Amino acid sequence: MREIRQQPESFEHEVLDTAMDAGNILLENGAELARVEDTMDRICRHYGVDGSFFILSNGIFTTGSCRMDPGFARVRHIPVNRADLSRVVAVNQLSRDIEKKDLSLEEVQAEIIRIRQMPGKRHWLQILAAGIGSAGFCYMFGGSARDCVASGITGLLLWIIWLYICMPHLSRILGHLTGGAAAACFSLLLYSMGIGDSLSHIIIGAVIPLVPGVPFTNGIRDIASGDYLAGIVRLLDALLVFMCIAIGVGFVLTAYYRVSGGAL
């Protein structure tokens, strides 16, 4: 642990702010609350600063006892975002390097800036992964080879719409409604063209990329860790997404059923 007696008085504030920046990156990119709190605590303890943290699913409350400000307090709102586990891994590695390599605070701040500016996955790679993932899950749920092909094509088309229409222009709820409806439309189109044997398997595989598996899993982990409020909030958010996807798919199938007179 570093000695801070010879540090300027603003050093303690910088440490607490740096810990909040690290926690911010973790929380907004899908890390569970226990990991966020542990990482912030490790950073503060390494530099000899006394900090207390209260983490919610979309906010961080930090208090500390500083020489220049005995009542130090910070509150930061963290918007709900899609999980980017590469940033979570990078911050986890940084927290280990702080203790193993005895990094200076300036080095830690520079690394946090670099992590925050890390580019996301390229769109073409996300689209390809969505197609492969859709086909793979279709096979896991019992689909035939033809179903997997149709589901993979649907996944590709769905993720193009998600990246260029739903994410930038629609709200979270409307985006998942549109995504579920688009998956059902593409699946119906391919099925009617004779590509695929089971419409249900095609649709199930196609909607998997939209399913918020990380928030749902972290919600369960938070509840298991005793963070009941945040865990319930994350579970409710994930269940809302599930419901929106189901409504979008159900709307398209119901409309097609009424138009076609029941021929699916």
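This text follows the structure it describes.
Residues numbered from 1 in each chain as written. Predicted model: local features only at pLDDT ≥ 70, side-chain atom pairs only at ≥ 80, totals over all residues. Heavy atoms only, no water.

Trainee: Could you clarify how one ought to interpret the overall build of the chain in this entry?
Mentor: Summing up its helical and strand segments, the chain has 10 helices and three strands in all. Reading the secondary structure of the chain in the N-to-C direction produces α-α-β-β-β-α-α-α-α-α-α-α-α. Its C-alpha atoms give the chain a radius of gyration of 23 Å, more than 25% over the compact-globule value 18 Å for 264 residues. Counting only C-alpha atoms, the chain reaches 80 × 30 × 30 Å along its principal axes. A total of 264 residues make up the chain; the buried ones form 42% of that total. The long-range share in the chain, meaning contacts at least 24 apart out of those at least 6 apart in sequence, stands at 69%. A total accessible area of about 13,700 Å² is found for the chain, and carbon and sulfur atoms account for 62% of it. (Helix = DSSP H or I, 4+ residues; strand = E, 2+ residues; numbered from the N terminus. Rg over C-alpha atoms; globule rule 2.2 N^0.38 Å. Buried < 20%, exposed > 50% of the residue type's maximum accessible area, 1.4 Å probe, protein only. Contact = heavy atoms within 4.5 Å. Areas by Shrake-Rupley, 256 points an atom, 1.4 Å probe, with all protein chains shown as cover.)

Trainee: Looking at this structure, how should I read the sheet that holds strand S1 (residues 51–56)?
Mentor: By way of backbone hydrogen bonds, the strands of a sheet pair with one another, either parallel or antiparallel. With antiparallel pairing, the three strands of this open sheet are ordered in space as S1-S2-S3. Of all the strands in the sheet, just S1 and strand S3 (72–77) have a single pairing partner and so form its edges. Sheet twist, expressed as the mean angle between neighbouring strand axes with direction ignored, is 10 degrees. Sheet topology note: the strand S2 (residues 59–64)/S3 ladder contains six bridges and is antiparallel. Across the sheet, residue phenylalanine 61 finds its bridge partner in S3, namely valine 75. Those strands touched by helix H1 (residues 10–28) are S1, S2 and S3, and its axis lies near 20 degrees from that of S3. (Pairing = 2+ DSSP bridges. Axes fitted to C-alpha atoms, helices over the stretch in contact; angles between N-to-C directions.)

Trainee: Could you clarify how one ought to interpret the packing of aromatic side chains in this entry?
Mentor: Two descriptors summarise a pair of aromatic rings, namely the distance from one centre to the other and the angle between the planes of the rings. Taken as a whole, this structure holds three aromatic pairs when the rule is applied. When the centroid spacing of 5.9 Å and the interplanar angle of 25 degrees are considered together, the rings of tryptophan 159 and tryptophan 162 count as stacked. Of the two residues, tryptophan 159 and tryptophan 162 are both situated in helix H6 (residues 145–169); the distance of three residues between them amounts to about one turn of the helix. Take tryptophan 159 and tryptophan 162: they sit in the same class, and that class is buried. Measuring from centroid to centroid gives 5.7 Å for phenylalanine 216 and phenylalanine 242, while their planes differ by 55 degrees, and the two rings are tilted. Note that phenylalanine 216 is positioned in helix H9 (residues 213–224) and phenylalanine 242 in helix H10 (residues 228–260), a separation of 26 residues in sequence. (Phe/Tyr/Trp six-rings, centres within 6.5 Å; stacked < 30°, edge-to-face > 60°.)

Trainee: Would you mind showing me how to read the pattern of salt bridges here?
Mentor: Pairs can form between side chains of opposite charge once their charged atoms are near each other. A complete count under the given rule lists 11 salt bridges for this structure. Between arginine 221 and glutamate 32 there is a salt bridge, and its shortest N-O distance comes to 3.3 Å. Of the two residues, arginine 221 sits in helix H9 while glutamate 32 sits in the loop between H1 and helix H2 (33–46), which places them 189 residues apart along the sequence. For glutamate 32, a relative accessible area of 9% puts it in the buried group. Note that aspartate 237 is salt-bridged to arginine 172, the shortest N-O span being 2.7 Å. With aspartate 237 in helix H10 and arginine 172 in helix H7 (residues 172–192), this residue pair connects regions lying 65 residues apart in the sequence. A single salt-bridge network, built from bridges that share partners, covers Glu32, Arg35 and Arg221. (Salt bridge = Lys/Arg side-chain N within 4 Å of Asp/Glu carboxyl O.)

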